[in-house]
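# A closer look at the structure
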Amino acid sequence: YLAGIALLLVGISRLTKRLEEGPRGPAGMGTVMTLIVSGALFSFGDSMGTFANSLFGDDGSELKTRALVANTVISDTDDRERIQTVIEAVMTFVMLVGYIAFIRGWFVLRAFADGQQGATIAQGLTFLFGGTLAINLGELINVIMRTVDVTGLSFT
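So, here's what we can say about the structure. Everything numeric in this text was worked out from a predicted model, so none of it was measured. (Residues numbered from 1 in each chain as written. Predicted model: local features only at pLDDT ≥ 70, side-chain atom pairs only at ≥ 80, totals over all residues. Heavy atoms only, no water.)

## Some thoughts on the pattern of salt bridges
Basically, it comes down to this: Put simply, a salt bridge is a Lys or Arg side-chain nitrogen that is within 4 Å of an Asp or Glu carboxyl oxygen. Helix and strand assignments come from DSSP, with helices taken as H or I runs of at least 4 residues and strands as E runs of at least 2, each series counted from the N terminus. Buried residues are those whose accessible area, probed at 1.4 Å on protein chains only, stays under 20% of the maximum for their type, while exposed residues exceed 50% and partly exposed ones sit between those limits.
Under the defined criterion, the tally for this structure stands at five salt bridges. Taking the shortest distance from any N to any O, the salt bridge between arginine 14 and aspartate 114 comes out at 3.1 Å. Separated by 100 residues along the polypeptide, arginine 14 in helix α1 (residues 2-21) and aspartate 114 in helix α4 (residues 77-114) bring together distant segments of the chain. Residue arginine 14 is classed as buried on the basis of its relative accessible area, which comes to 14%. Since its relative accessible area comes to 27%, aspartate 114 is described here as partly exposed. Measuring nitrogen to oxygen at the nearest pair gives 3.7 Å for the salt bridge that ties aspartate 114 to arginine 110. Highlighted residues: aspartate 114 and arginine 110, both in helix α4, separated by four residues, approximately one helical turn. For arginine 110, a relative accessible area of 15% gives the class buried. Here the salt bridges do not stand alone but share partners, grouping Arg14, Arg110 and Asp114 into one network.

## Some thoughts on the packing of α1 against α4
Selection rule: Between N-to-C directions, angles span 0 to 180 degrees; the directions come from axes that are lines fitted to C-alpha atoms, helices contributing only their stretch in contact. Put simply, angles under 35 degrees are roughly parallel, angles over 145 are roughly antiparallel, angles from 65 to 115 are roughly perpendicular, and the rest are oblique. Working rule for handedness: look at the near helix, and if it is turned counterclockwise from the far one by less than a right angle, call the crossing left-handed; if clockwise, right-handed. Any pair of residues with heavy atoms lying within 4.5 Å of one another is described as a contacting pair. Amino acid classes used here: Ala, Val, Leu, Ile, Met, Phe, Trp, Tyr, Cys and Pro are nonpolar; Asp, Glu, Lys and Arg are charged; the rest, including Gly, are polar.
Interhelical geometry of α1 versus α4 gives an angle of 15° and a closest axis separation of 13 Å. Put simply, α1 runs roughly parallel to α4. Along this stretch, α1 crosses α4, giving a crossing that reads as left-handed. Listed contacts from α4 to Ala3, Leu7, Val10 and Arg14 of α1 are Phe107, Arg110 and Asp114. The class makeup of the residues in the contact of α1 with α4 is four nonpolar, no polar and three charged.

## A short note on a nonpolar patch on the surface
Our working definition: A patch consists of residues exposed above 30% relative accessible area that lack any salt bridge, with like charges linked at up to 9 Å and nonpolar side chains (Val, Leu, Ile, Met, Phe, Trp, Tyr) linked at up to 5 Å. Values of accessible area rely on a 1.4 Å probe in the Shrake-Rupley scheme; residue burial ignores everything except the protein chains shown.
A cluster of nonpolar side chains, contributed by Tyr1, Leu2, Ile5, Leu8, Leu9, Ile12, Leu15, Leu35 and Phe42, occupies part of the molecular surface with about 890 Å² of accessible area. Among the elements that make up the nonpolar patch, the one with the highest residue count is α1 (six residues). By the element assignment, phenylalanine 42 lies in helix α2 (residues 28-42). Looking at phenylalanine 42, the relative accessible area reads 30%, which means it is partly exposed.

If you want it as structure tokens, here you go:
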């Protein structure tokens, strides 16, 4: 929300500067994208949910982080529980990185609209979709496991 507020203020400042300076002021597309990114950051939960539902359907609405390792993979109960705990910790870390990547994607798109060097639409969309996949890694693994018909690890 703080980044959204900051970008909203930057967008308003750019609008007023454009009115004062005329054609020498900030470009229109950069200002519009600043306001769009501000709105996306204000509605972060909804926009993240929309991306997840677009990729995974209704299954994307809940995050799956609880790992279940099958008895056929590891027969010892204590070892299986320890491994499941480690997998869940790794999944939580990957989700955190995914959230950061998703937010970074919006900032890259804004930088592209401002004409900054090194920022491309492809890079911004990669961050957005990569962040979405990282946040929903449990469901992604479930989908891949079902696709290749492999059992042994699943997430709930």
